[in-house]
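Structural overview for review
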Amino acid sequence: MKLLDFYKSLKPNDKHLLKEFCWILEEKYSLNEADYLAGIKDLENEHIKTLNIWFKKKSEDYPLQYFLNSTGFLDLDFYVEEGVLIPRMETEDIVSWILDYYKTKETFPKNMIDIGSGSGCMGIALAHKLKPDYVGLLEPYKDARKSLDVNIRKHLGGESEQVELLKMPFEEYDFKNEFDLIVSNPPYIKIADPEVTDSVYKFEPHEALYGGLEGYETPIAWFKKSVGHLKQNGLLVFEMAYNQREKIQSELSEYKLEFVKDRFGKDRFFYYINE
Ligand SMILES: C[S@@+](CC[C@H](N)C(=O)[O-])C[C@H]1O[C@@H](n2cnc3c(N)ncnc32)[C@H](O)[C@@H]1O
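Thresholds, definitions, all that
Residues numbered from 1 in each chain as written. Predicted model: local features only at pLDDT ≥ 70, side-chain atom pairs only at ≥ 80, totals over all residues. Pairing = 2+ DSSP bridges. Helix = DSSP H or I, 4+ residues; strand = E, 2+ residues; numbered from the N terminus. Near = placed C-beta within 6 Å. Nonpolar A, V, L, I, M, F, W, Y, C, P; charged D, E, K, R; others polar. Axes fitted to C-alpha atoms, helices over the stretch in contact; angles between N-to-C directions. Core = buried A, V, L, I, M, F, W, Y, C linked by C-beta atoms within 7 Å. Buried ≥ 20, exposed ≤ 12 C-beta atoms within 10 Å, placed from the backbone. Contact = placed C-beta atoms within 7 Å. Domains from an automatic or database assignment.

Digging into the pairing of strand E10 (residues 258–261)
Of the pairings in the sheet, the one linking E10 to strand E11 (residues 267–273) comprises 4 bridges and is antiparallel in character. Following the sheet pairing, Phe259 is matched in E11 by Phe270. Where E10 folds back onto E11 in an antiparallel hairpin, the turn is made up of 5 residues, including Gly265, whose phi is positive at roughly 80 degrees.

Here's the deal with the site of the ligand
The ligand sits among 22 residues. The nearest are Gly116, Gly118, Pro169, Asn185 and Ala208. When the residues that make up the shell around the ligand are grouped by side-chain class, the tally is 13 nonpolar, 6 polar and 3 charged.

A few points about the sheet that holds strand E5 (residues 163–166)
Spatially, 7 strands are ordered E5-E4-E3-E6-E9-E11-E10 in an open sheet, and the strand pairing comes out mixed. Looking at the sheet topology across the chains shown, the edges are occupied by E5 and E10. Across the sheet, the axes of successive neighbouring strands diverge by a mean angle of 15 degrees, strand direction being ignored. Pairing between strand E3 (residues 111–115) and strand E4 (residues 134–138): 5 bridges, direction parallel.

What to know about the nonpolar core
If you look at the biggest cluster of nonpolar residues, it comprises 47 residues, and the most contacted ones within it are Met112, Ala125, Leu126, Val183, Val237, Phe238 and Met240. Per-element tally for this core: the top contributor is helix H7 (residues 121–130), with 6 residues. Residues contacting Leu126, with those up to four places away along its chain left out, are Val95, Ile98, Met112 and Val183. Residues Leu3, Leu25, Tyr36 and Leu51 belong to the second largest nonpolar core, which totals 7 residues.

A few points about the domain arrangement of the chain
Here the chain is described as being made up of domain 1 (3–59) and domain 2 (74–273). Here domain 1 and domain 2 have C-alpha centroids that lie 35 Å from each other.

So, in C-alpha cells, the structure goes:
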C-alpha cells in the first residue's frame, strides 16, 4: 500500500498526521520520507501496523516524542520515554543563552551542576559543548533516570570521573564544592494550573511539573539553597514560568537577578552572577 493511500483511508482530520507518519518511518525504520511520499516505495505490513498504533495513540493525546523515544534539543537527539519530562523549546533558549554567554568569556566553566536533570537536556547539552572537568546531574526519580542514563551514555560516553549522576532529592544534596555554573529547570507550575494541556497532564510526570501550590515555591527554595555555592564570577541560571517574575524578584530581592525572555517574548528565566 502507498503511504498516501493509507493516510487517506484513515480519513484524518489532521494536517500534521502525514508529516508525523514520515517522521515515524524515518526514526523507527530509517526510511526516506521522499520515497514514500512520492509513492516510489510501498509500505510493508509492519510499517502499517506501527502507523495504525500511532493513529490510535494520537487520538488519546499521546506525545509523539514518547512514541519515537526521541526528541531534538539544539543539534542533539535526546532519548525520552514515559517518566521523564519532554524537553521544551523554552529550555533550549536558556541553554543557547548560556552558550552565548560563555562565548564572550575567556574561560568555560570548569565544573557545573544541573539540578532536576530529567532527560539531561540542559546539563548534558552544556557539558557536551563546554566540556567542563566535572558535571553533576541530579535527578531523584528512577523513571526519569532511565532516559537520563541513555543520554549520558549517548552524549558524554557514560558516567565517569567527570560525569556524576546524583540520585537524591535536591533538598538532601550536600554541596561539597563551589560551582562555576549552576543550572536548573525546576518544577514550577502551580497546582491545578488550567494552562496545563490534557496531553501534558495525562502523560508527563507530575513531579517534573508542579512546584507547589503557587508553583514558584520550588524555584525560590532551590535558588536559596544553591546561591551560596557559586564560585567568584560563577553563573546561576534557573527557568521559571512566564508570570513568576514579580514574585521571584520580591522574594529574592537581596540578590541582583536579571530576567530574560524566551523566543515567544515571555519572561522565562533568571540569572545571577556572583560578582
Ligand atoms: C521541569 S523538569 C526539568 C527536566 C529537565 N531539566 C528539562 O529541562 O527538561 C524538573 C525535574 O526536576 C526533578 N525533580 C522533582 N523534584 C525534585 C527534587 N526534590 N529534587 C531534585 N529534582 C527533582 C523532576 O523529576 C524533573 O526531572
